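Chain and residue survey
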4 protein chains.
Amino acid sequence: MKYKVAVLGATGMVGQKFIQLLENHPWFEITSLAASEKRIGKFYGEEVNWIVSSNIPKNVVDMEMVALNPKDVDADIAFSALPSDVAKKVEEEFAKAGFVVASNASAFRMVDDVPLIIPEVNADHLRLIEIQKAKRGWDGFIVTNPNCTTIVLVISLKPLMDLGLKNVKVATMQALSGAGFPGVPSLAITDNVIPFIKGEEEKVENEPLKLLGRFDGEKIVPANIKVSASCNRVPVIDGHTEVVWAEFDKEINVDQVKDAFKSLKPLDLPSSPKEVIIVRDENDRPQPRLDRDEGKGMSVVVGRIRKDDSNLIKYIVLGHNTVRGAAGASILNAELMAKEGYLKS
Amino acid sequence: MKYKVAVLGATGMVGQKFIQLLENHPWFEITSLAASEKRIGKFYGEEVNWIVSSNIPKNVVDMEMVALNPKDVDADIAFSALPSDVAKKVEEEFAKAGFVVASNASAFRMVDDVPLIIPEVNADHLRLIEIQKAKRGWDGFIVTNPNCTTIVLVISLKPLMDLGLKNVKVATMQALSGAGFPGVPSLAITDNVIPFIKGEEEKVENEPLKLLGRFDGEKIVPANIKVSASCNRVPVIDGHTEVVWAEFDKEINVDQVKDAFKSLKPLDLPSSPKEVIIVRDENDRPQPRLDRDEGKGMSVVVGRIRKDDSNLIKYIVLGHNTVRGAAGASILNAELMAKEGYLKS
Amino acid sequence: MKYKVAVLGATGMVGQKFIQLLENHPWFEITSLAASEKRIGKFYGEEVNWIVSSNIPKNVVDMEMVALNPKDVDADIAFSALPSDVAKKVEEEFAKAGFVVASNASAFRMVDDVPLIIPEVNADHLRLIEIQKAKRGWDGFIVTNPNCTTIVLVISLKPLMDLGLKNVKVATMQALSGAGFPGVPSLAITDNVIPFIKGEEEKVENEPLKLLGRFDGEKIVPANIKVSASCNRVPVIDGHTEVVWAEFDKEINVDQVKDAFKSLKPLDLPSSPKEVIIVRDENDRPQPRLDRDEGKGMSVVVGRIRKDDSNLIKYIVLGHNTVRGAAGASILNAELMAKEGYLKS
Amino acid sequence: MKYKVAVLGATGMVGQKFIQLLENHPWFEITSLAASEKRIGKFYGEEVNWIVSSNIPKNVVDMEMVALNPKDVDADIAFSALPSDVAKKVEEEFAKAGFVVASNASAFRMVDDVPLIIPEVNADHLRLIEIQKAKRGWDGFIVTNPNCTTIVLVISLKPLMDLGLKNVKVATMQALSGAGFPGVPSLAITDNVIPFIKGEEEKVENEPLKLLGRFDGEKIVPANIKVSASCNRVPVIDGHTEVVWAEFDKEINVDQVKDAFKSLKPLDLPSSPKEVIIVRDENDRPQPRLDRDEGKGMSVVVGRIRKDDSNLIKYIVLGHNTVRGAAGASILNAELMAKEGYLKS
């Protein structure tokens, strides 16, 4: 018996990745595809501009799309690939109506009683669920995953916390798929770099503090670090590459950092990669086209770990933005919730 | 009467830019093209794989190439577009033989008695010429310009020195033309980023200290700042984009930085741009394809100046790597020397 | 005294090229920029997403946009960069109201009494103007230029007509700018080719028959040739590259074809290139990035002329799709009309 | 028990694809990697610039490379990914020494007694093997596969032969990987198309006549068709897209052609795709990034079948140039030979 799952916002870039990753999932089965009004009643295969692979998975091609309305959706879990403004209203309605909402949208990420989760980083923050349900009187609840750039960064920062991390500077080179579809016009990015992504730097600077924070039984106490981000769009299809300077409160060396990266253990979940962080020793890796699919897109790859100063390390980290950074993140969160007993069986 | 100039290493990417920029130059006229042994005696137009524009300039198409040998070259100035290992030997021979060598190669940049010059930044360092000639007993001399990434960066750092700059972090997104021709294979960089450029970070971290240093009458006293660089190759034809964090020894604000950028004045030389630093206020500029040709490639363009912390500013700076960052840099240096009387007339 | 000109559809890709090409034009001066309803009353510089060069020309940056309404436009000539469906209604209104409409839109191209003009190919078709005005009782009139792909192709076909051309097959590799802005999503075209452009093949197959046809005093008698097209989008910013097979009704050789290409003479107009067709002898030319700007984008470049069979020739032709193929085409038409006395002075 | 196989030319682009496709092959096991002199005795993992995926397969990473010499190679089959000039000498030596040479090189393709094979097209041409061995007195023999562009084209032409195909025009848009590594410089192809590939058109025009010819018991009688090709390089990583005009000796319609494509049956071999030709009905397919991996890269995909004239059809065909068009082609040939009993067991 599999859990029944719905995808909210099924035709967009992230919606497509949800559908692709959920094909043949051992625990989850798509039973509803919900989309904006104009698509209701239409067949998924006829409406979607499918661009993530050659063919639309057969299990959804003839599925009729339904409204973004709890009454029309038959599912235990609602995966949300909605734009943030729509998510704000719709996700709340689904949670109220008893759904477990596993959301990739930013709307609720920084809300006090909503867990913002990367399973390998802060699984214990799921305990906010009880607080959320109690406070709001909802039958269901909302759990979110971070922004794609944040996830890749924070997976690499987590093991550095015990080494005394206090200050992070990150310059990103982000993939086109992060802007969705149609997203970035080809005329804007061919032979070009765009040194700005709207709203991105704020997310990358704030979300890590919650993710790396501590649950004190009632709320998340933010981590005492500072993150400064400068975000750029580059002509790469998938895979965010991030240049990181990590400053510590004491002297640090490369081996300590490398050992810390390797020490982050995967959970035993269907979408868990064998290695959470892959450390490459070549001086020209990671590269997005070569490394984004590691661990089926669920590993992050680190390289070029260099000591800059007594307490300053720089390195490159890369991850697949629509898998580990979006749809795969929500699915991993749902798997964690299933395993931890947060889903009704 | 124009100065006679030679281009050493005339068929490569930077050699081609020298030829392109020197076409119709008001002060300089190409009289010799020198290249590696196998090309000697061949016509430039038949040997070169010309890729910087549609047609090879008419003044050089039928020029016979000569050896990298002072005896075979008839010129006052030798512009060097040689690879560093060749430059080491050849440039010295030319200087010995009485030539003014204006070099884009890295071989002599950090040598104590060799000026490393950006005219708007440290024109007074040309006074090392007398020391060089005296010490070595040469008839001619060598003057160098910095690495392409360094030039773009340091033009933006120069006006910040008086504000108390002490620490710089720079993550670069560098153009393909920086690797010369054939350079980066298309299979290596399509849909990709390469987070490493051999030898680049060392240059970007060291050259600024000399450039921003002080000539004390005998030598350059390095500037008391620290630069940390992380250099990346991106699929862009021309134009290096650099993400900069600049830390000061006191509180700083955006307007001070902006005013400082605008205060850097152009010199009155044929290749001088009208504005050395163009400050753009849009939040998505500078972009390489749109902004690299500003000031015919001799301006650098700055944008996204943001305050990060009380004494920390971040911004983006962009410049044309083969014009301001290479051939144009050497030519501007030669123009400065002509004006300052360092060339025999 | 210059003619006053308006640009209809001023903010799109082709509208921007009109503005760029009209800056400092010796005969024409922009007096009105007309755009869709939501932009009326707004300043051009604040509304446009300018992507064709670094800066918006100063003469239009502070121009207030007006409605697509003859009453609101003060001009002698209205250059139309409108989408076809809008053009149908608006261009007629402007012509009725006495404007000379020089249109890049497809709406009226194939209408019997509307000239479809490439000045070097069929200037005499302008005589349809009298017929158009007489028949419709309009004060002004409409003159059109062909589709971008057609223009490049037909300039190369014109000189072949006298050699007995009868059958043409053309496979195109078309630039991104041909789809306007935002146009082709980067995710759709990076590392990809799209073998289809909506409505394009029909235009490329039909328009040449009119262009190469004969004005019999009353109407255009279509040329007796057949064109078959297969149109593809490739990741190139500007410049359409076309692979052509030209079949003749008698034996033909490469020299005849080459001589014919070179025999097509430019007119003496401000935007005329020095050479209409540039023939390159290298076996790997023309290439869009290297050759699209020949003649300031108004030349077409031909290469790889090969004999395939006794009466079959194949070659490559390339032209700048938004200059010679769009805005520049309309402007050249207007210049021709000015010279030929079709404009009131 | 698996056949032992060697890869000759193991470090190049096609050599890498052989290794990738042979990992876990049910019938073949790599026992030798042969390369040029300077690599002998070195470990594959240390020498290769691996670019076809994230990691070098574990079975070869520590394999020591051997000389291109039959004495040093322990294998039943030698897969040749050698450049044509080297192949000429080396492949002959291996065949003489008793190896079955399955070659992707062009050196022997058009030699009378050497089979040029696409299993689904002309498996019966393998009977040339007996003739080759008899004539040359070799213990082994050479079997070749066609050029990458030819394979994709001819798979689509084979089913059209019975419909009266007589004349083919093909304009190609070929992937970067077809030029090997380092291959096409990024500066040469970014924002560009190169309308020429050395030697390619000759291969595409000649090889189909042999492939589609008839074995008369002694030799191949070439097919009585004519092929004209115009070959272009485009900025696509993998996948050749080909625009085809097919002219028949009688009237033809789209459905006949579509049915013919679908009628080409796969063989029952480990690398056979489920469908040899996939026909897509959307008007914008096939596209290289979306369709090149169909059938694990062994299917070709056809689309846009249109009637042009009573006996003229045009369509697009696409295939993976380094899988179906190179390494996969040789492997499929070897599988066919194994099944047909041409390999000693």
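Model, not experiment: these values are computed from the prediction.

Topic: unusual backbone geometry
All names here are of chain C. A cis amide bond, omega 5°, links Phe181 with the succeeding residue Pro182. Its place among the elements puts Pro182 in the loop between strand 6 (165–174) and helix 8 (186–189). For the bond from Arg285 to Pro286, the omega torsion is 5°, close enough to zero to count as cis. Within the secondary structure, Pro286 sits in the loop between strand 11 (277–279) and helix 11 (288–291). At Lys296, a residue that is not glycine, the phi angle is positive and equals roughly 50°. For Lys296, a count of 15 C-beta atoms within 10 Å translates into the label partly exposed.

Some points on the relation of the copies chain B and chain D
Two copies of one chain are present, and they are related through a rotation about an axis combined with an axial shift. Of the transformation placing chain B onto chain D, the axial shift is 0.0 Å and the rotation is 180°, giving an RMSD of 0.0 Å. In the structure described here, the two chain copies are related by an operation that fits a two-fold rotation axis. By C-alpha distance to the rotation axis, the residue of chain B lying nearest is B:Ser186, at 1.9 Å. A high fraction, 100%, of the interface residues of chain B reappear at the interface in chain D, so the copies pair face to face through one surface.

A look at helix 6 (residues 128–136) of chain D
All names here are of chain D. Within helix 6, the full set of buried residues consists of Leu128, Ile129 and Gln132. Considered in projection along helix 6, the buried side chains sweep an arc of 105° and stay on one side of the axis. The exposed residues of helix 6 that point more than 90 degrees off its buried face are Glu130 and Ala134. Buried positions along helix 6 lie against strand 5 (141–144) and strand 7 (214–215). Following helix 6 by one or two positions, Gly137 adopts a phi angle in the positive range, close to 65°.

Here we look at the packing of helix 7 (residues 148–157) of chain A against helix 12 (residues 323–339) of chain A
Residues and elements named next belong to chain A. It is at 8 Å that the axes of helix 7 and helix 12 come closest, and there the two elements cross at 95°. In terms of axis orientation, helix 7 runs roughly perpendicular to helix 12. Facing helix 7, whose interface residues are Cys148, Ile151 and Val152, helix 12 presents Arg324, Gly325, Ala326 and Ala329. Grouping the constituent residues of the contact of helix 7 with helix 12 by class yields five nonpolar, one polar and one charged.

Points about the interface of chain B and chain D
The interface of chain B with chain D comprises 16 residues on the first partner and 16 residues on the second. Its residues placed into classes, the side of chain B that touches chain D shows eleven nonpolar, four polar and one charged.

A few points about the interface of chain B and chain A
Opposite the 28 residues of chain B that make contact, chain A presents 28 residues. Among the secondary structure elements, those contributing two or more residues to the side of chain B that touches chain A are strand 6 (165–174), strand 9 (226–233), strand 10 (240–248), helix 11 (288–291), strand 12 (300–309) and strand 13 (312–319) of chain B. Classifying every residue of the side of chain B that touches chain A by side-chain character gives 14 nonpolar, seven polar and seven charged.

Things to note about the sheet that holds strand 4 (residues 100–103) of chain D
Residue and element names in this part refer to chain D. Spatially, five strands are ordered 2-1-3-4-5 in an open sheet, and the strand pairing comes out parallel. Where the open sheet ends on each side, the last strands, each with one partner, are strand 2 (28–34) and strand 5. Across the sheet, the mean angle separating the axes of adjacent strands is 25° when strand polarity is ignored. Here strand 4 pairs with strand 5 via four bridges, running parallel. What sits directly across from Val100, in strand 5, is Phe141. Sitting on the sheet, helix 12 (residues 323–339) touches strand 1 (3–8), strand 3 (77–80), strand 4 and strand 5, and the angle it makes with strand 4 is about 145°.

What to know about the relation of the copies chain B and chain A
Mapping chain B onto chain A leaves a residual RMSD of 0.0 Å; the transformation is a rotation of 180° accompanied by 0.0 Å of translation along its axis. Both copies contact each other with a shared surface, as 100% of the interface residues of chain B are interface residues in chain A too.

A look at the sheet that holds strand 1 (residues 3–8) of chain C
Across a sheet, strands are paired by hydrogen bonds formed along the backbone, either parallel or antiparallel in direction. All names here are of chain C. Reading across from one edge, 2-1-3-4-5 is the order of the five strands in this open sheet, with parallel pairing throughout. In the strand order of this sheet, the two ends are held by strand 2 (28–34) and strand 5 (141–144), each with one partner. Adjacent strand axes in the sheet meet at a mean angle of 25°, parallel and antiparallel pairs treated alike. The sheet contact formed by strand 1 and strand 2 spans six bridges and is parallel. Among the inter-strand pairings, Val5 is bridged to a residue of strand 2, identified as Ile30. Its contacts with the sheet put helix 12 (residues 323–339) on strand 1, strand 3 (77–80), strand 4 (100–103) and strand 5, and the angle it makes with strand 4 is roughly 145°.

Structural notes on the pairing of strand 3 of chain D
All names here are of chain D. Side-chain alternation along strand 3 places Ile77 and Phe79 on one buried face and Ala78 and Ser80 on a second face that is also buried. Looking at chain direction, strand 1 and strand 3 are connected through four bridges and run parallel. Within the sheet, the bridge partner assigned to Ala6 lies in strand 3 and is Ala78. This β-α-β element, strand 3 to helix 4 (residues 84–96) to strand 4, shows right-handed connectivity.

Thresholds applied
- Residues numbered from 1 in each chain as written.
- Chains lettered and ligands numbered in written order.
- Predicted model: local features only at pLDDT ≥ 70, side-chain atom pairs only at ≥ 80, totals over all residues.
- Helix = DSSP H or I, 4+ residues; strand = E, 2+ residues; numbered from the N terminus.
- Buried ≥ 20, exposed ≤ 12 C-beta atoms within 10 Å, placed from the backbone.
- Least-squares fit on C-alpha atoms with pLDDT ≥ 70 in both.
- Contact = placed C-beta atoms within 7 Å.
- Arc of directions from axis to C-beta.
- Axes fitted to C-alpha atoms, helices over the stretch in contact; angles between N-to-C directions.
- Parallel < 35°, antiparallel > 145°, perpendicular 65-115°, else oblique.
- Nonpolar A, V, L, I, M, F, W, Y, C, P; charged D, E, K, R; others polar.
- Pairing = 2+ DSSP bridges.
- Right-handed = clockwise from strand over helix to strand, strands pointing away.

Treat this as a map of the structure, not an account of what it does.
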